[in-house]
Amino acid sequence: MSGGRTLHFACSCGELAGRLVDVDARDGTHIVCHCNDCRANLVALGHTDPGAEGVELFQTTPDKIKIDQGGENLALLRLSPKGLMRWYAKCCSTPLFNTTSRRGMAFTGVSAEIIKNHEAELGPVIARGFIKTPSGKVTHEGLRPMLTSMMGRMGKSWIKGTWRDTPFFDETGTPVREARVLTREERAAAFMGLSQT
Ligand SMILES: [Zn+2]
Ligand SMILES: [Zn+2]
């Protein structure tokens, strides 16, 4: 099936570029994640902590992602040995995608910033995760529709077999890059770099 939109993406220096293909309304969810891990990932890659703004993501499935050029710059970082896989462009340290460590879990969060005209293309943010309230509690907005969409996409991907189509894992389910896992010291430094929001 085809007919959905094509969204172009690139790292900030432009070496690594590609497309999200055949994206229709159900193929993605525009969210903001406020969790410390997403923020620490940016700090670990040498960027400033986005603080209360959080990290804007477009959740979709890996089969939608086609890397057309500069694929040799794709690199993999994990904040801890079992943390999410955080894919970035090593040419310019641009955070690109996050996935779980299992090929069969057809889930990818795409950094919204890398998508051309993302403000116009992705539409409104429908969910916010891990928002810290002034009282110190953590809350979420729009969590149920976000999870429903994510589970729906993963289920559809199982039924159709499209989970096999991924730029992140080989046929045996091994990630296409060796992960660099932060040392305890590096991890502590990344989290200490977060502002208290
Ligand atoms: Zn780059
Ligand atoms: Zn997060």
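Anything mentioned here points back to the structure above.
Every value quoted in this text rests on a predicted model; they were computed, and no experiment measured them.

Scoring rules and cut-offs
- Throughout, residues of each chain are indexed from 1 in the direction in which the sequence is written.
- Chain letters and ligand numbers both follow the written order, the letters beginning at A and the numbers at 1.
- It should be noted that, the model being predicted, local features are given only for residues of pLDDT at least 70 and side-chain atom pairs only at 80 or more, the latter also being counted only at that level, while totals for whole chains, interfaces and linings use all residues.
- Note: side-chain values were computed over all heavy atoms of the structure, leaving out hydrogens and water.
- Numbering of helices and strands runs from the N terminus; a helix is a DSSP stretch of H or I covering at least four residues, while a strand is a stretch of E covering at least two.
- Two strands make a pair as long as DSSP finds a minimum of two bridges between them.
- Simply put, an axis is a line fit to the C-alpha atoms, just over the touching stretch for a helix, and the angle between two N-to-C directions goes from 0 to 180 degrees.
- Counted as coordinating are nitrogen, oxygen and sulfur atoms within 2.8 Å of the metal, or 3.2 Å for Na, K and Ca, while water is not included, which may make sites look incomplete.
- Geometry assignment treats four donors as tetrahedral when all angles are between 85 and 135 degrees, treats four as square planar and six as octahedral when opposite donors are over 155 degrees apart and all others between 65 and 115, and treats everything else as irregular.
- Type-normalised accessible area, obtained with a 1.4 Å probe on protein chains alone, sets the label of each residue: buried when under 20%, exposed when over 50%, and partly exposed for intermediate values.
- The term salt bridge refers to a pairing of a side-chain nitrogen on Lys or Arg with a carboxyl oxygen on Asp or Glu at a separation within 4 Å.
- Two aromatic rings from Phe, Tyr or Trp, using only the six-membered ring of Trp, form a pair when their centres are within 6.5 Å; if the ring planes differ by under 30 degrees the pair is stacked, by over 60 it is edge-to-face, and anything between is tilted.

A. Quick peek at the environment of Glu72. Considering the arrangement of structural elements, one finds Glu72 in the loop between strand E5 (65-69) and strand E6 (74-78). Separated by 18 residues in sequence, Glu72 and Lys90 have C-alpha atoms that sit 8.9 Å apart.

B. Inspection of the sheet that holds strand E8 (residues 94-99) at higher detail. Read across the open sheet, the nine strands follow the order E11-E10-E3-E4-E9-E8-E7-E6-E12; overall the sheet is mixed. The open sheet has two free edges, formed respectively by strand E11 (138-141) and strand E12 (179-181), since each of these has just one partner strand. On average, each strand axis in the sheet is tilted by 25° relative to the strand beside it, whichever way the strands run. Here three bridges tie E6 to E12, and the two strands are oriented parallel to one another. Bridging across to E12, Arg78 finds its partner in Val181.

C. Representation of the coordination of the zinc ion (ligand 1) within the structure. Distances from the zinc ion (ligand 1) to its protein donors, Cys11 (SG), Cys13 (SG), Cys91 (SG) and Cys92 (SG), fall at 2.3 to 2.4 Å. Seen from the zinc ion (ligand 1), its four donor atoms lie at angles of 104 to 121°, and the figure they make is tetrahedral. Every donor residue of the zinc ion (ligand 1) comes from the same chain, spaced as C-x1-C-x77-C-C. With Cys11 in the loop between strand E1 (5-10) and strand E2 (17-23) and Cys92 in the loop between strand E7 (85-89) and E8, this residue pair connects regions lying 81 residues apart in the sequence. Relative accessible area serves as the criterion here: at 5%, Cys11 is assigned to the buried category.

D. Inspection of the pattern of salt bridges at higher detail. According to the stated counting rule, one finds nine salt bridges in the structure shown. Residue Asp24 is joined to Arg26 by a salt bridge in which the shortest nitrogen-to-oxygen separation is 3.5 Å. On the basis of relative accessible area, Arg26 is assigned to the exposed category, the value being 62%. One salt bridge connects Asp165 with Lys66, and the closest N-O pair in it is separated by 3.1 Å. You can see Asp165 sitting in the loop between helix H3 (143-160) and E12 and its partner Lys66 sitting in strand E5, a full 99 residues away along the chain. If you follow the salt bridges from partner to partner, you end up with Asp27, Lys64 and Lys156 in one network.

E. View of the coordination of the zinc ion (ligand 2). Summarising the metal site, the zinc ion (ligand 2) is bound by the protein donors Cys33 (SG), Cys35 (SG) and Cys38 (SG), whose distances to it range over 2.2 to 2.3 Å. In primary sequence terms, the donor set of the zinc ion (ligand 2) follows C-x1-C-x2-C. In terms of burial, Cys33 and Cys35 fall into one category: buried.

F. Layout of unusual backbone geometry. Here the phi dihedral of Asn117 falls at roughly 50°; this positive angle occurs in a residue that is not glycine. Within the element layout of this structure, Asn117 appears in the loop between strand E9 (108-111) and helix H2 (118-122). The class of Asn117 is exposed, set by a relative accessible area of 54%. Look at Phe130: it is not a glycine, yet its phi comes out positive at around 60°. Looking at the secondary structure, you find Phe130 in strand E10 (residues 127-132).

G. Structural detail: the packing of aromatic side chains. Enumeration over the complete set of coordinates arrives at four aromatic pairs. Considering the side-chain rings of Phe9 and Phe97, the 5.5 Å spacing of their centres and the 90° angle between planes classify their relative orientation as edge-to-face. Taken together, the residues span a long stretch of sequence, with Phe9 in strand E1 and Phe97 in strand E8 at a distance of 88 residues. Taken individually, Phe9 and Phe97 each receive the classification buried, so the pair is uniform in this respect. Judged by centre distance (5.3 Å) and plane angle (65°), the rings of Phe97 and Phe168 are edge-to-face. In this pair, Phe97 sits in strand E8 while Phe168 sits in the loop between H3 and E12, placing the two residues 71 residues apart along the sequence. Residue Phe97 is classed as buried on the basis of its relative accessible area, which comes to 3%. Through a chain of ring-to-ring contacts, three or more aromatic side chains come together here, namely Phe9, Trp87, Phe97 and Phe168.

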